[in-house]
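Descriptive structure summary
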8 protein chains.
Amino acid sequence: MKLEKGQKFLLVGDSITDCDRVKPEGEGLFGALGNGYVSYVDGLLQSVYPELGIRVVNKGISGNTVRDLKKRWENDVIAQKPDWLSIMIGINDVWRQYDTPFIKDNHVYIEEYEETLEKLIQETRPTVKGLILMTPYYLEKNEEDAMRQTMDQYGQVVKRIAENYDCQFVNTQAAFDLVLHELYSATLAWDRVHPTPTGHMVITRALLNKIGFDWNK
Amino acid sequence: MKLEKGQKFLLVGDSITDCDRVKPEGEGLFGALGNGYVSYVDGLLQSVYPELGIRVVNKGISGNTVRDLKKRWENDVIAQKPDWLSIMIGINDVWRQYDTPFIKDNHVYIEEYEETLEKLIQETRPTVKGLILMTPYYLEKNEEDAMRQTMDQYGQVVKRIAENYDCQFVNTQAAFDLVLHELYSATLAWDRVHPTPTGHMVITRALLNKIGFDWNK
Amino acid sequence: MKLEKGQKFLLVGDSITDCDRVKPEGEGLFGALGNGYVSYVDGLLQSVYPELGIRVVNKGISGNTVRDLKKRWENDVIAQKPDWLSIMIGINDVWRQYDTPFIKDNHVYIEEYEETLEKLIQETRPTVKGLILMTPYYLEKNEEDAMRQTMDQYGQVVKRIAENYDCQFVNTQAAFDLVLHELYSATLAWDRVHPTPTGHMVITRALLNKIGFDWNK
Amino acid sequence: MKLEKGQKFLLVGDSITDCDRVKPEGEGLFGALGNGYVSYVDGLLQSVYPELGIRVVNKGISGNTVRDLKKRWENDVIAQKPDWLSIMIGINDVWRQYDTPFIKDNHVYIEEYEETLEKLIQETRPTVKGLILMTPYYLEKNEEDAMRQTMDQYGQVVKRIAENYDCQFVNTQAAFDLVLHELYSATLAWDRVHPTPTGHMVITRALLNKIGFDWNK
Amino acid sequence: MKLEKGQKFLLVGDSITDCDRVKPEGEGLFGALGNGYVSYVDGLLQSVYPELGIRVVNKGISGNTVRDLKKRWENDVIAQKPDWLSIMIGINDVWRQYDTPFIKDNHVYIEEYEETLEKLIQETRPTVKGLILMTPYYLEKNEEDAMRQTMDQYGQVVKRIAENYDCQFVNTQAAFDLVLHELYSATLAWDRVHPTPTGHMVITRALLNKIGFDWNK
Amino acid sequence: MKLEKGQKFLLVGDSITDCDRVKPEGEGLFGALGNGYVSYVDGLLQSVYPELGIRVVNKGISGNTVRDLKKRWENDVIAQKPDWLSIMIGINDVWRQYDTPFIKDNHVYIEEYEETLEKLIQETRPTVKGLILMTPYYLEKNEEDAMRQTMDQYGQVVKRIAENYDCQFVNTQAAFDLVLHELYSATLAWDRVHPTPTGHMVITRALLNKIGFDWNK
Amino acid sequence: MKLEKGQKFLLVGDSITDCDRVKPEGEGLFGALGNGYVSYVDGLLQSVYPELGIRVVNKGISGNTVRDLKKRWENDVIAQKPDWLSIMIGINDVWRQYDTPFIKDNHVYIEEYEETLEKLIQETRPTVKGLILMTPYYLEKNEEDAMRQTMDQYGQVVKRIAENYDCQFVNTQAAFDLVLHELYSATLAWDRVHPTPTGHMVITRALLNKIGFDWNK
Amino acid sequence: MKLEKGQKFLLVGDSITDCDRVKPEGEGLFGALGNGYVSYVDGLLQSVYPELGIRVVNKGISGNTVRDLKKRWENDVIAQKPDWLSIMIGINDVWRQYDTPFIKDNHVYIEEYEETLEKLIQETRPTVKGLILMTPYYLEKNEEDAMRQTMDQYGQVVKRIAENYDCQFVNTQAAFDLVLHELYSATLAWDRVHPTPTGHMVITRALLNKIGFDWNK
């Protein structure tokens, strides 16, 4: 288990991370962590490793792209002084290109995505003990699908950055592909993005497996 | 223009037809026809052919399959004595097989779909002056997609019945495919089913074109 | 078809244009264009000309007079840099003279109306590729009706300005008069102003016909 | 003053009478009489003639036609044993012919109106000490207007019945016409039917004048 | 009739005046005048004297004492430039002494009341054509009641000021006393202050009688 | 202390007793006893005599007269098998005579009040170990006040019945009079009936004093 | 893994199971399984064993005791024909003895608990392939605590029945005790009963471990 | 009785004091004192000592620790110029250490608690006639419980400060312990902190007993 006693674990991202967390704190009583993978990660950390006392903080905000993350990075990430940091961003960067194709101001194309994300990682990596980079994903089995193809390219960017900056790389798309082999995408999400609890468990398991979580402890 | 002065035009179906119509009447003041293609069809009939005085009635109910239609057919269709009747059903018959695959009780497989729909048409055709059969559709460009394939088979059933019982056949899937050639499906509907106004306009145009609506009148 | 690939088409006006659009953007996901003629125009443009990728923006605000338009013109029109612009204003300028006749501060009489509108058009015409001027209207068949007479005079102002500044002129009153020949005004609007979907279709058709929309494409 | 000490005065009608009265009682504490002319009539009776102790009951129901009145007559009028009875009905009988002209089931044409109303009056007149018949009205100055013409015909029916059955006849249309001579109809009601407090005062005064109310007492 | 064509009549006061008027305007469409005596006064002025076109404005605010009036006088009265002004204030000045006797900060004793009111009248009288001063009242028949006694003293202050500054004096308490002779106070108001429509009619009649309103016009 | 270990103490009455208790049970978790004197009585019994385990049940219903009590007596009192029973009824019996004097159907005059209450007590007294009769009250200091006089007569009825049927008699009016000697009635209740917590404490103390509650235990 | 392809797994219980599931179905789209351990169990089964297609059904109802379960057993359990059944009941049976000790009607003492539960198991065991019995629990570390002691006795009953009827026995109390060794009970639940996501994960893991769930698959 | 005629009695604290009081005033009409012990104290003072006219003010705010009190002390206490002051603080200072143990920023440990509270008392004692210090409490009978132990230590701090600064010391924990001897803690509060009316009565009695309240007056 890579996280150590008393560490602060901050997760940042878009609506998949947000899941109706309490704002602005992102931690505390009464479901403050929202109802998605962050609360599952916290629930599993506290129930399996209660002795470690990991402090989990959710700083996801629905609709965010990497451009939005950049604007609030200082306040929502750096100032929080996390020991471990997890980032999952990029779905909205891609989605807006496909659901509102004519409103180009809202599209974050791959060059801006890569440059912005890399800069954030570059600056932040030295300040944290561990950094987890999760790919954006699209719950579409057909790899020839236009939006899936774009999403895969963004996932490749995440992978490269993770390798270059000593991050834990979580391939959420690959984790979902295993399930999509058996279940049609609509079973996991009507809009191919916002998943049911099943989908959040897929993300949770992929993430925890990367940080040495022992399921049989 | 096939509809004649003073005729009653009843449209029945699922949520695509329903669109928050007033219940149980499905006609009257204050947006009683809902906000989908039925209200567009009515708006165009009244604005272009005000002298005909066509009475449009919306009897769609969200979530309905052909199995549900059968249960309320006597009350919601036959007892209403329409002159013209339009039916669009089948999306939920297929969708439940893909979004809740383990709850098989709710699946309406193609044999039941065909048998039920055919029986309703057989009984009803002699009682109306005109009958329009619209295919169910799926806003997925990839024809190899599992749910799209199934939906196409249901569409084939509709086509065969339309031919055998002297109905106007509206191929909504084909109409949408023309648009999907240019726009990614997410532009039309996040869930590939419930469309934006653009999608309702596609249906509206396909339907009106079949009944001799003169756009340049 | 006068609009060209990738152009931005902005429509500004009062409650007839607004129709509960999302504010302040006036474009985007989830019914952002409201439920009136702007969403019909957009739905028809996207469904019939999906290859053009026209970006439609709704900047209507309920209750606005031309005096209000002037205050927000820089921000809501000029700064948006539209390629095409459509304006329908004047109904409230007239209506307040008839529904609250004693509160004269809120009346925009015809001199102010003409001067203000002309100045906005004068400044803006050079900045856009196309400009559509729609008359205000009143759903009252009786041309001797006092408010109808006033509204017609405001419509004349719009016509003159349209001619002088090379604008597309849409005579919504004339379009409605054709329907009022067959239907009593209450069928279109209880208050003779805010129309049912039928009325919005009348406006939509009048507008699209002026910009070369091909209904049979 | 024609009403005597301790009498019960029941007023029945449609939305003009109803005005959000408490149901089913139509009397009691906390604004039970609604906020229209019935509460004004009551307020004036109690404040000017407190020594009479007139009991005012409101049995108006929004949307009612004379066909609806007939159905609830036994329960809402006869069983209440009023000393005085006031009836204003007919606006919806006419309006539905003009706002939803194709839904003919909901139209109450003049023959049915006359026959039904006459029968109710015939039966009820002997059971009450006084009976007031108020015409339906339409806040449209133009007497050539189609709906105004029809409403006037219904008003004529009321007049004839009032004369034949010894009722107080209140010509609300005539009372409104005096005001419409000075004020445009929109000042009194956006939909030419549901009036502002000004309109309810017009009705109140016309009614009270018929029963010998002394304004200068 | 003392009010003349085109004049503005502003009424200011506490909750009896306010009655849920629209804020901040206090005039306009949709019940903007609230549902108390101000709307009755307006309804009677427009229905009986429509040719005068009196503009009625309601500037009552619930809970106000004369101390509160003073703070908003410049903005809510002077800046509005009324031709006629009506003031009814003092109920809360007295009431707080009786319902929350220990919170003395909120009591406006008679010296402060008199001095403040007189100063407002002194300054304002020259700026208006007519000024109406209405007494505060208490719906308690027993003149020995402690709060009634205090209220009567405040009423005396109003009377004196009215006489000294050429104002129309409306003795609302006296008007109510006539009714209280016949009806127990609970019939007019559960709390002896906020009246039913009957009570608002008492105030309306007392006020209109002072300005020469002709009820039989 | 007259109540014994494990006894059930049921209190029945009108809105003073009800105070938003949970219905129909009138006992249980989460404020089930409402927020008036019943919850105070319970709070004091449990906090001072926790060892007795008295089960308190609230069966008050707002607006009730003795006529209403009679209708639900079998279900709400007898079937509950209380050991001790407390009754406070009569305020609405009197109040309706004064706030809606013309609706005589709702008045419960003193003969009906006495007869009904006596019969209920007669039947019930043998079935309970103790029975408390509380007078209705009116928070009006002036004993010449008409409604106060009537209320006092009803209180006399309660007193006589209490004496004849071996009940604990609680004179709530007398308890309130002591406070009204110092505080104006508006301090205790705006409507002279529904009291503040101070008023509920007056009732609580009067009641507990009658059953031997030891405040200094 | 003991569950096999296509099996139906029904979980019944109280609020811990319920967690705002959709009623009455307890399965389907849109969070139908609630937000507690049942949705976690389902999410893990579908994400780790998607190929099995286990159908999970939630039939928990808040506030239920074993007495309530008995009443709805035929409808909610037997008629559903589950392959596997999980039962967690008893918390409310005990809790009511401690939070409302005087309302004895609502207490389900251990004899009734044992008899009722045993009878249900006896009847149902032969009809299902697998049956899981989970103990009720109390998030109180102190084993001398009165309510904890009682809860442990109920847990012993569950254990005995599980052994006698060939059920999987899940000791939720023991699972929680491991966590309570590290975390104070308030961290898991303010009321020591309704847990945070951490507590639901404890239950989920205890349950899944008993049915051979392979966490490292 | 230690409080004297016309004195102001201010009570400050956390949610136990707050109980939904009106903010920011904390006094006035309509339940302004909330529904907890402050309103009971006020109700008893006014009903038993109406002649004293004690002014009770509630300045509790839910969730407050002593750290929060310090920030608002000048505004909410000093500026209010109370004659008597009651303080109950510390529950949240302790609770956060047990319900969110990993969010250490929100914990107020005993050194900070003591230092802060002492400083506030030191400064304030000379400005008031009487000062009441109430201990925080925890409704847990088991004195070995970790959170109970901590709470007892905070209670000891309060006791010491009370002795050193001539304050009335109210041992709420001791008062509750007497009740917990008979009733399980869940009867008083599900979360062992926020009490039912019974618990608020315990606090009320403990407080009033310290200031010489005569229950038998």
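Residues numbered from 1 in each chain as written. Chains lettered and ligands numbered in written order. Predicted model: local features only at pLDDT ≥ 70, side-chain atom pairs only at ≥ 80, totals over all residues. Heavy atoms only, no water.

Thoughts on the overall build of chain A
Filter applied, for reference: For the purposes of this entry, the term helix denotes a DSSP run of H or I that reaches at least four residues, the term strand denotes a run of E that reaches at least two, and both are numbered from the N terminus. What the globule rule says is 2.2 Å times the number of residues to the power 0.38, and the radius of gyration is computed from C-alpha atoms. For every residue, the accessible area obtained with a 1.4 Å probe (protein chains only) is divided by the maximum for its type, and the residue is called buried under 20%, exposed over 50%, and partly exposed between those limits. Between two residues, a contact is recorded if the distance between any of their heavy atoms is within 4.5 Å.
Tallying secondary structure elements over chain A gives 9 helices and 5 strands in all. The N-to-C order of helical and strand elements in chain A reads β-α-α-β-α-β-α-α-β-α-β-α-α-α. Scaling as 2.2 N^0.38, a compact globule of 217 residues should have a C-alpha radius of gyration of about 17 Å, and chain A matches this with 16 Å. Taken along its principal axes, the extent of the C-alpha atoms in chain A is 50 × 40 × 35 Å. Every one of the 217 residues in chain A was classed for burial, and the buried ones make up 66%. Long-range pairs, those at least 24 residues apart, make up 77% of the contacts in chain A with a sequence separation of at least 6.

Here we look at the arrangement of the chains
Contact between chain A and chain E is absent, and the least distance between their C-alpha atoms amounts to 32 Å. Separating chain B from chain H is a minimum C-alpha gap of 38 Å, and the two share no contact.

Some words on the confidence of the model for chain A
Rules: pLDDT is defined as a per-residue confidence score from the predictor, taking values between 0 and 100.
Looking at chain A, the pLDDT average stands at 97 and 100% of residues meet or exceed 70. In the predicted assembly, ipTM is 0.96 and pTM is 0.96.

Describing the relation of the copies chain A and chain G
Mapping one chain copy onto the other needs a rotation about an axis and a shift along that axis. Note the following rule: Least-squares superposition aligns the copies on the C-alpha atoms of those residues with pLDDT at or above 70 in both.
With an RMSD of 0.0 Å, the operation that places chain A on chain G is a rotation of 180° combined with a shift of 0.0 Å along the axis. Taken together, these values place the two copies in the relation of a two-fold axis. Looking at the rotation axis and the C-alpha trace of chain A, the residue lying nearest is tryptophan 215 of chain A, at 3.0 Å. Taken together, the interface assignments show that 100% of the residues at the interface of chain A recur at the interface of chain G, consistent with an identical surface on both copies.

Some remarks on the pairing of strand β2 (residues 55-60) of chain G
In regular strands, side chains alternate between the two faces of the sheet. Residues and elements named next belong to chain G. The criterion, for reference: The pairing criterion for strands is at least two bridges between them, as found by DSSP.
Across the 6 residues of β2, 6 count as buried, placing the element largely inside the fold. Relative to β2, strand β1 (residues 8-13) runs parallel, the two sharing 6 bridges. Paired with leucine 11 across the two strands is asparagine 58, which belongs to β2.

Overview of the packing of aromatic side chains
Let me state the cut-off plainly: Centre distance within 6.5 Å is the pairing criterion for rings of Phe, Tyr and Trp, where only the six-membered ring of Trp is used; planes under 30 degrees apart are then read as stacked, over 60 as edge-to-face, and the remainder as tilted. Geometrically, a lysine NZ or arginine CZ counts as sitting over a ring once it is within 6 Å of the ring centre and also within 35 degrees of the ring normal.
Within the structure shown, the criterion is met by 64 aromatic pairs over all chains. Pairing tryptophan 190 of chain E with tryptophan 95 of chain F gives two aromatic rings, centres 4.0 Å apart and planes at 20°, and the pair type is stacked. Of this pair, tryptophan 190 of chain E sits in the loop between α8 (185-188) and α9 (197-210) while tryptophan 95 of chain F sits in helix α4 (residues 91-99), on two different chains. Using a relative accessible area of 2% as the deciding quantity, one classes tryptophan 95 of chain F as buried. Aromatic pair phenylalanine 213 of chain E and tryptophan 215 of chain E: ring centres 4.7 Å apart, planes at 65°, arrangement edge-to-face. One aromatic cluster in this structure is built from Tyr49, Phe213 and Trp215 of chain A together with Tyr49, Phe213 and Trp215 of chain G. When the ring centre of tryptophan 215 of chain D is taken as reference, the NZ or CZ atom of arginine 205 of chain D above it lies at 5.9 Å.

Section: the interface of chain G and chain B
Rules: Two parts placed together each lose some accessible area under a 1.4 Å probe, and adding up what both lose gives the buried area. Salt bridges are identified by distance alone: a Lys or Arg side-chain nitrogen within 4 Å of an Asp or Glu carboxyl oxygen. Here a polar contact is recorded for every N or O atom pair within 3.5 Å, except that within protein the pair must consist of a potential hydrogen donor and a potential acceptor, and residues adjacent in sequence are included only if both atoms are side-chain atoms. Here the nonpolar group is Ala, Val, Leu, Ile, Met, Phe, Trp, Tyr, Cys and Pro; Asp, Glu, Lys and Arg are the charged ones; every other residue, Gly included, is treated as polar.
If you look at the interface, chain G gives 8 residues, while chain B gives 7 residues. When chain G packs against chain B, close to 560 Å² is buried across both sides, 68% of that on carbon and sulfur atoms. Taken together, chain G and chain B are joined by 1 salt bridge. Of the charged contacts in the structure, one is a salt bridge between aspartate 105 of chain B and arginine 55 of chain G, with a shortest N-O distance of 2.9 Å. Viewed at the interface, chain B and chain G are joined by 1 residue pair in polar contact (both at pLDDT 80 or more). A class-by-class count of the residues in the side of chain G that touches chain B yields 3 nonpolar, 3 polar and 2 charged.

Examining the UniProt feature "domain: SGNH hydrolase-type esterase" (unreviewed entry) in chain A
Test applied: UniProt positions are given in the numbering used here, feature names are shortened, and annotations may be inferred rather than shown by experiment.
Within this numbering scheme, the UniProt entry marks residues 12-200 of chain A as carrying the feature "domain: SGNH hydrolase-type esterase" (unreviewed entry). Between the end C-alpha atoms of residues 12-200 of chain A the distance is 15 Å, and the span holds 46% helix and 11% strand.

Description of the sheet that holds strand β2 (residues 55-60) of chain C
Residue and element names in this part refer to chain C. The line we're drawing: Axis definition: a line fit to C-alpha positions, over the contact stretch in the case of helices; interaxial angles, taken between N-to-C directions, run 0 to 180 degrees.
Taken together, 5 strands build an open sheet; the order of strands is β2-β1-β3-β4-β5 and the sheet is parallel. Each end of this open sheet is capped by a strand with a single partner; those strands are β2 and β5 (168-170). In this sheet, adjacent strand axes meet at a mean angle of 15° when their direction is disregarded. Relative to strand β3 (residues 84-88), strand β1 (residues 8-13) runs parallel, the two being bridged by 5 bridges. When the bridges of β3 are listed, glycine 13 appears paired with methionine 88.

Looking at unusual backbone geometry
Look at the link from lysine 23 of chain C to proline 24 of chain C: it is a cis peptide, with omega at 0°. Looking at where proline 24 of chain C falls in the secondary structure, it is placed in the loop between α1 (15-18) and α2 (37-48). Its identity as a non-glycine residue notwithstanding, cysteine 19 of chain D has a phi of 50°, on the positive side. If you trace the backbone, cysteine 19 of chain D turns up in the loop between α1 (15-18) and α2 (37-48). Overall, cysteine 19 of chain D belongs to the buried group, its relative accessible area being 14%. Of note, aspartate 20 of chain G is a non-glycine position whose phi angle comes to about 65°, a positive value. Counting through the fold element by element, aspartate 20 of chain G comes out in the loop between α1 (15-18) and α2 (37-48).

Focus on the relation of the copies chain G and chain B
Aligned on chain B, chain G shows an RMSD of 0.0 Å; the corresponding rotation is 90° and the shift along the axis is 0.0 Å. Seen this way, the second copy is the image of the first under a four-fold rotation axis. Of the C-alpha atoms belonging to chain G, the one lying closest to the rotation axis is found on lysine 23 of chain G, 16 Å away.

Looking at the interface of chain A and chain G
If you look at the interface, chain A gives 24 residues, while chain G gives 24 residues. For the pair chain A and chain G, the summed buried area comes to about 2200 Å², and 69% of that belongs to carbon and sulfur atoms. Its largest share of buried area at the contact with chain G, chain A owes to Met201, Arg205 and Trp215 of chain A, together 25% of the area lost on that side. On the surface where chain A and chain G come into contact, there are 0 salt bridges. Run the count over chain A and chain G and you get 4 residue pairs in polar contact (both at pLDDT 80 or more). Going through the elements one at a time, α2 (37-48) and α9 (197-210) of chain A are the ones with two or more residues in the side of chain A that touches chain G. With 8 residues, α2 of chain A is the single largest residue contributor to the side of chain A that touches chain G. Here the side of chain A that touches chain G is built from residues that sort into 13 nonpolar, 6 polar and 5 charged.

Overview of the sheet that holds strand β3 (residues 84-88) of chain D
All names here are of chain D. In spatial order, the strands read β2-β1-β3-β4-β5; together these 5 strands make up an open sheet with parallel pairing. In this open sheet, the two strands that pair with only one neighbour each are β2 (55-60) and β5 (168-170). Averaged over all neighbouring strand pairs, the angle between strand axes comes to 15°, with direction disregarded. The pairing of strand β4 (residues 130-134) with β5 spans 3 bridges and is parallel. For isoleucine 132, the partnering residue across the bridge sits in β5 and is glutamine 168. Helix α3 (residues 66-76) rests against β1 (8-13), β2 and β3 of the sheet, and its axis sits at about 160° to β1.

What to know about the pattern of salt bridges
Applying the stated rule across the entire model yields 136 salt bridges over all chains. Arginine 72 of chain E is the salt-bridge partner of aspartate 76 of chain E, the closest N and O atoms lying 2.7 Å from each other. Residue aspartate 76 of chain E and its partner arginine 72 of chain E are located together in helix α3 (residues 66-76), separated by 4 residues, close to a single helical turn. Residue classification places arginine 72 of chain E among the buried positions, given a relative accessible area of 12%. When salt bridges with common partners are traced through the structure, they connect Glu140, Asp145 and Arg192 of chain A together with Glu140, Asp145 and Arg192 of chain B into a single cluster.

Some words on the environment of valine 157 of chain H
Residues and elements named next belong to chain H. Within the secondary structure, valine 157 is located in helix α6 (residues 146-164). Owing to a relative accessible area of 6%, valine 157 belongs among the buried residues under this scheme. As for valine 157 and isoleucine 121, which are separated by 36 residues in sequence, their C-alpha atoms are 12 Å apart. Not counting the four nearest positions on each side in its chain, valine 157 is found in contact with Ile110, Tyr113 and Glu114.

Some points on the environment of glutamine 149 of chain D
Residue and element names in this part refer to chain D. Looking at the secondary structure, you find glutamine 149 in helix α6 (residues 146-164). The spacing of glutamine 149 and leucine 117 is 32 residues in sequence and 19 Å in space, taken between C-alpha atoms. Non-local contacts of glutamine 149, meaning those with residues more than four positions away in its chain, are made with Glu143 and Glu144.

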